[in-house]
Each structure stands twice: as C-alpha cells, then as structure tokens.
Amino acid sequence: EKGGFEHFMLKEIHEQPKAYRDTMRGRIDESGKKVVLPELKLTKEQIKGISKIQIIACGTAYHAGLVGRQAIESLVRIPVETDVASEYRYRSPIVTPDTLVIVVSQSGETADTLAALREAQSHGAHVLAITNVVGSSIARDADDVIATLAGPEIAVASTKAYTSQLIAFYLLSLYLAEVRGTQTQDEVARIIAAMQALPEQLENMLAKPDAIKAYAEQISKHEHLFFIGRGLDYAVVQEGSLKLKEISYIHSEAYAAGELKHGTLALIEEGIPVIALATQDAVLEKTVSNIKEVSARGADIMAITHEEHVVSLLKSVNQAFAIPKTLPLLTPALSVVPLQLLSYYASLARGNDVDKPRNLAKSVTVE
Ligand code: F6R
C-alpha cells in the first residue's frame, strides 16, 4: 500500500507530479490559452461584481491560502484577506454579498473551517471550497467546489494536498483574470505553459534527494532553527517551518527576512541553522542583505535558490541548494518540496513516527 516507499509521507511527496497533472487535467482548454472550470456555479456576472475575497483555512491549507492571495492579487487585482479559520469568526469579519469567500481544506472536515464557511454564508457571501474530499461536509455545504485531485492523503503531515491547493489557486486566479479581463491572452498562455512544465521539473528534483537528506541529518541534531524569506518565499517558509515542527519536533520559526532586525536577531547565535529561501528575484538583493545580517552573527546558513545565484550566495551562506526555474508566482509549487523532504529526513534521523506524529490527528473535528 505504500508502493515501495518506507512511509506514506515519502510516497505522497513523490505523488506530487501526478497530483499536479490530475488537478490540471480538463481544466486547461486545448489551445493552452485558457482555464476552464465548468464545475463552477459562480457566474461571470458574479465574478465581475466581486469586491473582495477572503481566504480561510487552518494549518497547511492556510499556508496554501497565503500563496493563493498573492496569485489572485497579482493576476486579478481584487483585494484578498487571509484568515486562520479559528480566528475568522471572532474578529467580526466584514462580509457582504459581493465578497467571495474561499475555504481551503484537504479533508473537508475541519471544524473551524466548516464554522467559518457557515458564518460567511450567513452574511450572504458565496463560498467556494478547495478540497481534496468531494463527499466531505465542507464540499457539501459550500456553494462551489474546486476539487484538488491529489488522491487520498494518509500521512498526517500534508504534502501533495498543499501543492495541489496551489495548483487550484493558480487555475482559479487565471480563470478570474480572464473573466475580469485583467491579463492578456498571451500572459495567461505563458503562465499555463509554465504550469504544464511543473510536473516534470518536480520529477527531476525528486530524483536527487541526497543533498537535502545530508542536510536534514545535520539539522536533526539541533533543537532550534530559523527559516527566512520574503514575499512568496515567506509564505513557503511558514509551511516549511510547520512541517518541520510537526514531524521532527525541532523548534523552528519562519520569519519575513526583513523583520529579523526588529527583535529576532537577538536569538541568532553562533552555529544556529538558518534556512533562507531566496527564489524571488525581485527581492533577492534585499534577502541577501538579511542573509548577511545573520551570517555576521555566526549563523550556519543553507540557501535554497536558483542555479544562477548559487555562486554569489555562497559568499554569505555555508551551503546552497538549487531548484529548477519557473515563473516567480509558480515557484512555491517547486520550492516547498525540498522543505518537505527536509522535514521527512530530519524526522527519520530522529527516529520519529513520520506518518503519525505525536499529539496530532489527520482531521481536526473539534474547534
Ligand atoms: C499539517 C496539517 C494540518 C492541516 C490542518 C487543516 O501538515 O496537515 O496543519 O493542514 O489541520 O486540515 P484540512 O486541510 O483537512 O482542513
């Protein structure tokens, strides 16, 4: 049942190229220039009338929402708020009938997310669920569903569900952009082509896990570490940090790289591992200056970046790992994978129960 893999988590990490293909299948028209989402009940008129979007979810699904916000805001220019579901209801959110609410849930059974969905509906909002389980409570109650076709996810630590949620957000953003006329057809075609290349790029990465495995063994001896990144890299390191805590039990914090100097630098001491995600070229220079801030304080830095930056980054970091190049917006669909593998191998090195980490359940049905 684990298909030759030692754990479900590793199997599911390796199923991501297929999950990408399955989630895209039938949702890109033959010309390759247009996303089609025939399942949506949301009409084009409704889409044209959306004044804001709220994305609500828990844990890893919330982290997918952070990337979703960036995709929607940059491609569609509709303002997006993101909330963790357990906070949403208690901040008296401003929800109107022209608010589109997107709830994200692998299981479709998370109690807080379901409650947030109902709260939003009670204010007349249209609720669209991105979920991996089409028969779930959230799928049943939502006004619309975009199914991620990741297949069953067994390991408690979510991997392929997260990345499929990213694909769903990219597809939805492109669809909304088309209806609202915010992107040219050529731009949409360019993004679609890059999305279609992701599964193979990911396969190439998965074929070479050795460098990450060796690094995981190194960090498995530490009790604390930091992740830093800017923009989409910050969204991805939040997921990387959660994954690492969840299964390796190593304490980590994910910081917006520019925010370190507002307090956190006090914790950077000789030899502490810092993992810097530096894939967003628009903010690379700024990230590099933040890398230098931690390097000056003796941090042991590992950077994840693109091949072309490895040599220059190695002037300030101890190790650098290159990932394949795609569009900046799509990079999270590749850059999260070394972080998933890092957590997996760190957990393994510590002798933990990778698929069933302590204190956690696969589906959280209490608030
Ligand atoms: C982390 C993890 C959790 C879930 C969260 C939401 O690996 O699995 O953080 O993402 O409990 O679960 P769903 O997506 O089922 O609503």
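Anything mentioned here points back to the structure above.
This report concerns the structure included in the present document. (Residues numbered from 1 in each chain as written. Predicted model: local features only at pLDDT ≥ 70, side-chain atom pairs only at ≥ 80, totals over all residues. Heavy atoms only, no water.)

**Notes on the overall build of the protein**
Where we set the bar: Each helix corresponds to a stretch of at least 4 residues labelled H or I by DSSP, and each strand to a stretch of at least 2 residues labelled E; elements are numbered beginning at the N terminus. What the globule rule says is 2.2 Å times the number of residues to the power 0.38, and the radius of gyration is computed from C-alpha atoms. Residue exposure (1.4 Å probe, protein chains only): buried if accessible area is under 20% of the type maximum, exposed if over 50%, otherwise partly exposed.
Tallying secondary structure elements over the protein gives 14 helices and 10 strands in all. Relative to the 2.2 N^0.38 estimate, which gives 21 Å for 367 residues, the radius of gyration of the protein is 20 Å and therefore close to what a compact globule would have. Here the C-alpha coordinates of the protein stretch approximately 55 × 45 × 45 Å along the principal axes. Within the protein, buried positions represent 58% of all 367 residues.

**So, the site of the ligand**
Our working definition: For this description, a residue counts as near a given molecule or strand if any of its non-hydrogen atoms is within 4 Å of it. Under the rule applied, a polar contact is a pair of N or O atoms within 3.5 Å (in protein, one hydrogen donor and one hydrogen acceptor; residues adjacent in sequence only if both atoms are side-chain atoms). The method behind every accessible area is Shrake-Rupley, applied with a 1.4 Å probe, and residues are considered shielded solely by the protein chains displayed. Classification used: nonpolar for Ala, Val, Leu, Ile, Met, Phe, Trp, Tyr, Cys and Pro, charged for Asp, Glu, Lys and Arg, polar for all others including Gly.
Near the ligand there are 14 residues, and of these Ser-105, Gln-106, Ser-107, Thr-110 and Glu-246 occur at the shortest range. Measuring from an oxygen atom of the ligand, one finds a side-chain N or O atom of Ser-105 at 2.6 Å. Between the ligand and the protein, one listed contact pairs an oxygen atom with a backbone N or O atom of Ser-158 at 2.9 Å. In isolation the ligand offers 410 Å² of accessible surface; the protein chains occlude 89% of this area. Listed by contribution, the elements that provide at least two residues to the shell around the ligand are helix 4 (59-76) and helix 11 (232-248). Here the residues of the shell around the ligand are counted per class, giving 5 nonpolar, 7 polar and 2 charged.

**Points about the packing of aromatic side chains**
Spelled out, the test is: A pair of aromatic rings is counted whenever rings of Phe, Tyr or Trp (Trp by its six-membered ring) have centres within 6.5 Å, and the orientation is called stacked for planes under 30 degrees apart, edge-to-face for over 60 and tilted otherwise. Two limits define a charge over a ring: the Lys NZ or Arg CZ must be within 6 Å of the ring centre, and within 35 degrees of the ring normal.
With the rule as written, the count across this model stands at 1 aromatic pair. Taken together, a centroid distance of 5.0 Å and an interplanar angle of 75 degrees make the contact between Tyr-344 and Tyr-345 edge-to-face. Given a relative accessible area of 0%, Tyr-344 falls into the buried group. Given a relative accessible area of 11%, Tyr-345 falls into the buried group. Across the ring face of Tyr-249, the terminal group of Arg-358 is positioned such that the distance to the ring centre comes to 3.8 Å.

**A look at the packing of helix 4 against helix 11**
How we decide: Working convention: axes come from line fits to C-alpha atoms, limited for helices to the stretch in contact. Angles between N-to-C directions cover 0 to 180 degrees. Roughly parallel here means an angle under 35 degrees, roughly antiparallel means over 145, roughly perpendicular means 65 to 115, and every remaining angle is called oblique. Note on contacts: a residue pair qualifies if any of its non-hydrogen atoms lie within 4.5 Å across the two residues.
Running from N to C, helix 4 and helix 11 point in directions that differ by 175 degrees, and their axes come no closer than 9 Å. By the criterion of interaxial angle, the relationship of helix 4 to helix 11 is roughly antiparallel. For the pair helix 4 and helix 11, contact is made by Gly-59, Thr-60, His-63, Leu-66, Val-67 and Gln-70 and by Leu-232, Ala-235, Gln-238, Glu-239, Leu-242 and Lys-243, respectively.

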